[in-house]
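Report on the structure
Each chain, letter by letter, is given below.
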Amino acid sequence: MCSMEDMVPTRPSGRRPARRAAAPADPKRAQLDEYIVDPRDAVLTTNHGVPVNDDQNSLKAGERGPTLLEDFHLREKVTHFDHERIPERVVHARGAAAHGVFQVYESLARYTKASFLTDPGRETPVFVRFSTVAGSRGSTDLARDVRGFAVKFYTDEGNFDLVGNNMPVFFIQDAIKFPDLIHAVKPEPNNEIPQAASAHDTFWDFISLMPESMHMVMWLMSDRAIPRSYRMMEGFGVHTFRLVDGKGGSRFVKFHWKPLLGVHSVAWDEAQKISGVDPDFHRRDLWEAIEAGAFPEYELGLQIIEEKDEFAFGFDLLDPTKLIPEELAPVRRVGKLTLNRNPDNFFAETEQVAFHIGNVVPGIDFTNDPLLQGRLFSYTDTQLLRLGGPNFHEIPINRSTAPARNNQRDGFMRQAINPGRVSYGPNSLGDNQPAQATERAGGYVTFPEALQDSRKVRVRGASFFDHYSQARMFFQSQSEPERQHLIKALRFELGKVQAIEVRERMVAHLAQVDATLAARVAKGLGLPPPLKSEAPPNRSVPADGDPRDFQHRELADPSLTSTALTMTSHVPGPIATRKVAILVADEFDAKGVAMVLKALKAEGATGHLVGPRLGDVVADDGKASTAEFSIFTTKSVLFDAVFVAGGDGAGMWTTEADAIEFVKDAYKHCKAVAATGAGVDLLGAAHIPVGSPDDPDPADDATIVAPSASAAVARRLVAAMGEHRLWTREPELHLPL
Ligand code: HDE
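All of the points below concern the structure found in this document. (Residues numbered from 1 in each chain as written. Predicted model: local features only at pLDDT ≥ 70, side-chain atom pairs only at ≥ 80, totals over all residues. Heavy atoms only, no water.)

**A look at the packing of aromatic side chains**
Counted by the stated rule, this structure contains 25 aromatic pairs. Ring plane angle 40° and centroid distance 5.7 Å describe the contact between Phe116 and Phe160, whose orientation is recorded as tilted. Here the residue Phe116 occupies a position in the loop between strand E1 (95-104) and strand E2 (124-132), and Phe160 occupies one in strand E4 (residues 158-165), the gap between them amounting to 44 residues. Accessibility classification places Phe116 together with Phe160 in one group, the buried group. Summarising the aromatic geometry, the rings of Phe149 and Tyr298 are spaced 5.2 Å apart at their centres and angled 80° between planes, so their arrangement reads as edge-to-face. Pair noted here: Phe149 is in strand E3 (residues 147-155) and Tyr298 is in strand E8 (residues 297-306), with a separation of 149 residues, a long-range link. By the ring-pair criterion, three or more aromatic residues cluster together here, those being Phe102, Phe116, Phe130, Phe149, Phe153, Phe160, Tyr230, Phe241, Phe255, Trp257 and Tyr298. (Phe/Tyr/Trp six-rings, centres within 6.5 Å; stacked < 30°, edge-to-face > 60°. Helix = DSSP H or I, 4+ residues; strand = E, 2+ residues; numbered from the N terminus. Buried < 20%, exposed > 50% of the residue type's maximum accessible area, 1.4 Å probe, protein only.)

**Here's the deal with the packing of helix H7 (residues 214-221) against helix H12 (residues 469-477)**
Their axes nearest at 7 Å, the elements H7 and H12 cross at an angle of 25°. The angle between the axes of H7 and H12 places the two elements in the roughly parallel class. Mapping the contact onto sequence places Met214, His215, Met218 and Trp219 in H7 and Gln470, Ala471, Phe474 and Phe475 in H12. Tallied by class, the residues present in the contact of H7 with H12 amount to six nonpolar, two polar and no charged. (Axes fitted to C-alpha atoms, helices over the stretch in contact; angles between N-to-C directions. Parallel < 35°, antiparallel > 145°, perpendicular 65-115°, else oblique. Contact = heavy atoms within 4.5 Å. Nonpolar A, V, L, I, M, F, W, Y, C, P; charged D, E, K, R; others polar.)

**Describing the pattern of salt bridges**
Considering all chains together, one arrives at 45 salt bridges under this definition. Among the salt bridges present, the one from Arg94 reaches Asp280, with a minimum N-O distance of 2.8 Å. Residue Arg94 is found in the loop between helix H4 (72-82) and E1, and its partner Asp280 is found in the loop between helix H8 (268-277) and helix H9 (281-291); the two are separated by 186 residues along the sequence. Arg94 gets classed as buried once you look at its relative accessible area, which sits at 3%. Among the residues examined, Asp280 registers a relative accessible area of 27% and is labelled partly exposed. (Salt bridge = Lys/Arg side-chain N within 4 Å of Asp/Glu carboxyl O.)

**Let's talk about a negative patch on the surface**
A contiguous patch of negative charge, built from Asp694, Asp695, Asp697, Asp701 and Glu723, is present on the exposed surface. Relative to the helices and strands, Asp697 resides in the loop between helix H18 (680-685) and strand E18 (703-706). Judged by its relative accessible area of 63%, Asp697 is exposed. (Patch = residues over 30% accessible without salt bridge, like charges linked within 9 Å, V, L, I, M, F, W, Y side chains within 5 Å. Areas by Shrake-Rupley, 256 points an atom, 1.4 Å probe, with all protein chains shown as cover. Lys, Arg positive; Asp, Glu negative; His and termini not counted. Charge placed at Lys NZ, Arg CZ, Asp CG, Glu CD.)

**Considerations on the environment of Ala666**
Within the secondary structure, Ala666 is located in helix H17 (residues 657-668). The exposure class assigned to Ala666 is buried, which follows from its relative accessible area of 0%. C-alpha separation for the pair Ala666 and Leu638, spaced 28 residues apart in sequence, amounts to 9.7 Å. Sequence-distant contacts of Ala666, defined by excluding residues within four places in its chain, comprise Ser636, Val642, Lys671, Val673 and Arg729.

**So, the environment of Glu534**
Here Glu534 shows up in the loop between helix H15 (515-524) and strand E11 (579-583). C-alpha of Glu534 to C-alpha of Gln551: the two residues are 17 residues apart in sequence and 9.6 Å apart in space.

**A short note on the site of the ligand**
Lining the immediate surroundings of the ligand are 22 residues, of which Arg89, Arg129, Ser378, Tyr379 and Gln383 lie closest. Within the contact set of the ligand, an oxygen atom lies 2.6 Å away from a side-chain nitrogen or oxygen of Arg129. Gln383 is positioned with one of its side-chain polar atoms (N or O) 2.7 Å from an oxygen atom of the ligand. Contributions of two or more residues to the shell around the ligand are made by E3, E4 and helix H11 (370-386). Looking at which element gives the most residues to the shell around the ligand, the answer is H11, with six residues. In the shell around the ligand, the residues fall into eleven nonpolar, eight polar and three charged. (Near = heavy atom within 4 Å. Polar contact = N/O pair within 3.5 Å; in protein donor to acceptor, adjacent residues only side chain to side chain.)

**Points about the sheet that holds strand E16 (residues 641-644)**
Strands sit in the order E15-E12-E11-E16-E17-E18 across an open sheet of six strands; the sheet is parallel. The sheet is open, and its two edges are formed by strand E15 (629-630) and E18, each paired on a single side. Both E16 and strand E17 (residues 672-676) contribute to a ladder of four bridges, which runs parallel. Residue pairing in the sheet places Phe643 in a bridge with Ala674 of E17. Each of E11, E16, E17 and E18 touches H17; the most contacted strand, E16, lies at about 140° to it. Packing of helix H19 (residues 711-722) onto the sheet brings it into contact with E11, E16, E17 and E18, and relative to E18 it is tilted by some 175°. (Pairing = 2+ DSSP bridges.)

**Examining H12**
Where burial is concerned, most of H12 is hidden: eight out of the nine residues are buried. Check the buried side of H12 and you find it contacts H7, helix H13 (480-495), helix H14 (500-513) and H15.

**Some words on the environment of Arg460**
By the element assignment, Arg460 lies in the loop between H11 and H12. Between the C-alpha atoms of Arg460 and Asp549, which are 89 residues apart in sequence, the distance is 10 Å. Setting aside residues up to four positions removed in sequence, Arg460 forms contacts with Gln173, Asp174, Lys177, Glu212, Phe465 and Ser540. Looking at Arg460, its side chain comes within polar contact range of the side chain of Gln173, at 2.8 Å.

Put into structure tokens, the structure is as follows:
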């Protein structure tokens, strides 16, 4: 009889790569290891195990003759190649993933019976995939877009998938509008332009007719849509879920992920430049951090709402366009997610992983959020097409570590070999196995929620019609620089829209959110300042509906703000894993560079030498250092700060256009820029205002100049990086606001 080892190609015995052998016990990893195919010490074979003698020449009738159909190796090889592609995800096609573990800090048995949330001694393996939404598989990581944050927990009670985003709300309230939303944001269908961008007519046309989108639009136009790193963004389950305890009690819950490195973004100009220089920026950043052992960490946060408080908030907990302000329901940090291993194979793992919001374990249940309910259908359905049939749960990355036993059978690519006659239940011929599990034994029992309304209706609850209050709360909670970025983003996006009526409609919506916001956006679009009049019509109305019933209703406190919504609450923060470009010319100040490198290392940050050319650059002490980059192979947008080292040769940078652009961009993107000795001349050549090196209280804390490098310079650089960006520099950059 065939064993699992016979069914799948296994690594030649005794040849485990070293990093695998050292791994701790992890049931998911052990399961995946079964499928690793190691090419070492093996001869080339066909897929059927026949050793191949000639992989260079096809079989021909004579030296110059036609190729023979008989060439089974050629046919197999080319056929497999022809079939290598599968459909990309219809949304979230572009992504990157990592393995890791989750551990709860203390038992949450008071709230849920889910074992992975009640046993602090347990490490639950996870696989996490981050993504953008709109772009194709090959698109840039730095698109202005929502980011997916999908976590698969391989718990001992089965897989739990928390398929969330980096923004806590969504564009629409009902799943039936999702295909419309996605059609509107995807490249326009006649010419497939633009790729991975919402800045085009069809997106804004749709949005301008859907006031329920306004809160999400605030998030999408904010810097949250251009994260510095997947490691520096929050995650949200978006919908309200339920936690169910061991006694059958239920509470509402919102899931959050809080990154320990804080929440940070890049500047829009920077994002566009990164897209050109390194479209894999986020993917690379995640991969490199994990390879370097700087494992990304996030805390799981819960907002728990008692059943009795369901209607206490002034908005509907079932409405996915609303968040619960942290001031009204604190986020309790209950456990930690650590990403500690890169995938072995992108296709097998990252591409084939199949998330499904319907994968829940006992202790976690759904609510009637109409967006959530629609998603419960969509995820299995899409995998059937994308992964080619109903057995995608058998693909190694998707397999649960908990045993899966049932009477489902057959279908394309079935892996399991189910012996015996019985594939039905109840049965007597197979001893009625596999048996159902009692609730006590871990059987999943749906929370018996009482339904208040038993009519069949196609309606939107009246409590869903406050479209602007939380959009306003978001805008008003932002710091001044964040507001300006949001305004600029709207000017950019709407400025790309050709249809004037769409721009006007959007400005009219913005006037409902905030008068200054609308006036500033209108100015940038060359439109008259809007008056706050009646809200523009909601066009998401059924054929027989009365539009008056679908208008905005202000339900929440209009002056509400929430400090959790501004990213400024994340500074100063750690600079671990941040990258600093150190410009070194021949005869550079060796001692100064060493001092800066040491200070960065102490904080877990890294310095990277950028020279006038690749290879050796000789310092003033006569020793050579290897430049990791030349000024022509990298750009400052790929770093968090720049240090121009002093030394007799540093003057050469002032005539080098790429070096001037390098520091100019870093300054423009509000990063820390430090220079010592003759290195300061480069800042002058780039017209960067430099104060006096002796000024004890410089206006710009992030532009650091000094006659020579010292511990104080290194300290100031580290401190400036901890602030992430010196946004107060922006008004001096003559931004047209
Ligand atoms: Fe998804 N979504 N979605 N979505 N979604 C998919 O499933 C869908 C929604 C999210 O890394 C698809 O396997 C519908 C909200 C993430 O593999 C598809 C609706 C949120 C990912 C799908 C939504 C998400 C997906 C495409 C409205 C945040 C990537 C490929 C009812 C809470 C998962 C796939 C990964 C992927 C449908 C709305 C998050 C087509 C119908 C809201 C992170 O099934």
